[in-house]
Amino acid sequence: MKIYKVKCYVDFLDTKPEIFSFESFDLAHDFVGDEITRRMEYISSHSQHRIDEEEYKNIEEEERLLVKIEEY
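**Brief notes about the overall build of the chain**
Item 1. Helix and strand content of the chain: two helices and three strands.
Item 2. From first element to last, N terminus to C terminus, the chain shows the α and β order β-β-α-α-β.
Item 3. If one aligns the C-alpha atoms of the chain with their principal axes, the spans along those axes are about 45 × 25 × 15 Å.
Item 4. In the chain, 53% of the contacts between residues at least 6 apart in sequence involve partners at least 24 apart.
Item 5. By element, 51% of the accessible surface of the chain is carried by carbon and sulfur atoms, the whole surface being about 5600 Å².
Item 6. Here the chain holds 10 positive side-chain charges and 19 negative ones, and the gap between their average locations is 5 Å.

**Some words on the packing of helix α1 (residues 25-46) against helix α2 (residues 53-65)**
Item 1. Look at α1 against α2: their axes get within 10 Å of each other, and the N-to-C directions meet at 135°. The angle between α1 and α2 falls in the class oblique. As for the relative orientation of α1 and α2, their crossing is right-handed in sense. Between α1, through Ile36, Arg39, Met40, Ile43 and Ser44, and α2, the contact on the second element is made entirely by Tyr56, Ile59, Glu60, Glu63 and Arg64.
Item 2. Looking at the contact of α1 with α2, its residues break down into five nonpolar, one polar and four charged.

**Examining the environment of Glu55**
Item 1. Note that Glu55 resides in helix α2.
Item 2. Taking the C-alpha atoms as reference points, Glu55 and Gly33, separated by 22 residues in sequence, lie 19 Å from one another.
Item 3. Polar side-chain contacts of Glu55 include one of 3.5 Å to the side chain of His49.

Cut-offs applied
Residues numbered from 1 in each chain as written. Predicted model: local features only at pLDDT ≥ 70, side-chain atom pairs only at ≥ 80, totals over all residues. Heavy atoms only, no water. Helix = DSSP H or I, 4+ residues; strand = E, 2+ residues; numbered from the N terminus. Contact = heavy atoms within 4.5 Å. Areas by Shrake-Rupley, 256 points an atom, 1.4 Å probe, with all protein chains shown as cover. Lys, Arg positive; Asp, Glu negative; His and termini not counted. Charge placed at Lys NZ, Arg CZ, Asp CG, Glu CD. Axes fitted to C-alpha atoms, helices over the stretch in contact; angles between N-to-C directions. Parallel < 35°, antiparallel > 145°, perpendicular 65-115°, else oblique. Left-handed = near helix turned anticlockwise from the far one by under 90°. Nonpolar A, V, L, I, M, F, W, Y, C, P; charged D, E, K, R; others polar. Polar contact = N/O pair within 3.5 Å; in protein donor to acceptor, adjacent residues only side chain to side chain.

Structure representation (structure tokens):
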């Protein structure tokens, strides 16, 4: 049986990411989507200025690089 591990890094220098295990790729993929949404909501709500659409896309792209799915 395959196990899918989702590693959630705080930043690019993080050496100890949070790790979540799933028995299916679909569950892991759904978790990643939820995690990206959660992170983006946090960033948007805690920003001291308005985030325009281009900046939002750039932040989202960076956050996607910090959440990885690995198959075991």
